[in-house]
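Spelled out from the first residue to the last, the chains are:
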Amino acid sequence: MGSTAGSAILGPGQGVRRVVPARRGPWARFRRNPRALAGACLLALFGAIAASGTALAPFPPDQPHLLVRLHPPGSSFLLGTDHLGRDILSRTVAATRVSLVIGVLSMLVSITAGTLVGALAGYSGGWMDGLLMRVVDTVLAVPVFFLTVAVLAMFGPSVPGLILIIGGTAWPPAARLVRVEFLALRSREFVQAARASGAPDLRIIVRHLLPNVVPVIAISATLRVGLAILTEAGLSFLGLGVQPPRPSWGNIIADGREYLSIAWWVSLFPGLCVFLAVMAFNLVGDGLRDAFDPRLQI
């Protein structure tokens, strides 16, 4: 007679024997998390929209329709029009690629810098660790948003500049996370064995330590994208982010701030996209954290 995992069975001449349930891998646990799956589906939707560019837009994003300015959502313009008669749906679709590209590339800059600094500090220890952590503390002590505003005001807003300034000020949390993991791993037996075999430090870091830090980096990366999207939206709202006529979620929201009482739809729909995108990245990040949590591997 068959038995299910975790049920009690009787062997010949034996007492009750408990079958230990099979361990689920991290990706199996991720797939069983409905919130993480919902976030992943949202990200897939935004990714498809971003990849399509303007193919899904019913009108050119910058095409004005002066006779139907501030037209409410309806059959002709599904999400309405702005003060210049531009279709909000078309502009929101086009802005999806801009905002996501800035968010993802900013994340890559911050995660790369944070991983390098954290790995060097955690593996080296001693004075190098102390020096790099004081640099991290100094960056964290600076009001990042105001620094970003000042730099963009001095050198002018541009998409590459946004990516560099957002990513270049967001790496300290990732550096701290990676450093803690390296400090915990560098004294493990497999690292000591690699050192005893004469492996160079770079090989130990790349082949033995970094693969064990990938879950922490992946979780931090998903959260970094959401924060980068929020930062870009805030800067664009202030006029220091993506500049017209190129649309982004932030500057579309800014276009509608003077018409909120009579044309709420101009700011509502791109604002909803910001909310959903940030929430999706956070849900995926929480799902990855739960999936890789060693306490759940039973």
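Quick note: structure is the one above.
Residues numbered from 1 in each chain as written. Predicted model: local features only at pLDDT ≥ 70, side-chain atom pairs only at ≥ 80, totals over all residues. Heavy atoms only, no water.

Glancing now at helix H2 (residues 34-52). An ideal rise of 1.5 Å per residue puts 27 Å on 19 residues; H2 measures up with 27 Å between its terminal C-alpha atoms. Three or more residues of H2 are buried, namely Ala-36, Gly-39, Phe-46, Ile-49 and Ala-50. Down the axis of H2, the smallest arc covering the buried residues is 145°, so these residues share one side. The exposed set on the far side of H2, more than 90 degrees from its buried face, consists of Pro-34, Cys-41, Ala-44 and Ala-51. (Helix = DSSP H or I, 4+ residues; strand = E, 2+ residues; numbered from the N terminus. Expected span 1.5 Å × (residues − 1). Buried < 20%, exposed > 50% of the residue type's maximum accessible area, 1.4 Å probe, protein only. Arc of directions from axis to C-beta.)

Helix H11 (residues 265-292) packs onto H2 with a crossing angle of 135° between their chain directions and a minimal axis gap of 8 Å. With respect to H11, the element H2 is oriented oblique. The crossing of H2 and H11 is left-handed. In this structure, H2 uses Arg-35, Ala-36, Gly-39, Ala-40, Leu-42, Leu-43 and Phe-46 to contact H11, whose residues at the interface are Cys-273, Leu-276, Ala-277, Met-279, Ala-280, Phe-281, Leu-283, Val-284 and Gly-287. Its residues assigned to classes, the contact of H2 with H11 comprises 13 nonpolar, two polar and one charged. (Axes fitted to C-alpha atoms, helices over the stretch in contact; angles between N-to-C directions. Parallel < 35°, antiparallel > 145°, perpendicular 65-115°, else oblique. Left-handed = near helix turned anticlockwise from the far one by under 90°. Contact = heavy atoms within 4.5 Å. Nonpolar A, V, L, I, M, F, W, Y, C, P; charged D, E, K, R; others polar.)

The next point concerns the packing of aromatic side chains. Overall, the coordinates contain four aromatic pairs when judged by the stated rule. Aromatic side chains Trp-264 and Phe-269 sit 6.3 Å apart centroid to centroid with 50° between the ring planes, which places their arrangement in the tilted category. Taken together, the ring pairs connect Trp-264, Trp-265 and Phe-269 into an aromatic cluster. Over the ring of Phe-237 we find Arg-257; its NZ or CZ atom is 4.9 Å from the centre of that ring. (Phe/Tyr/Trp six-rings, centres within 6.5 Å; stacked < 30°, edge-to-face > 60°. Lys NZ or Arg CZ within 6 Å of the ring centre and 35° of its normal.)

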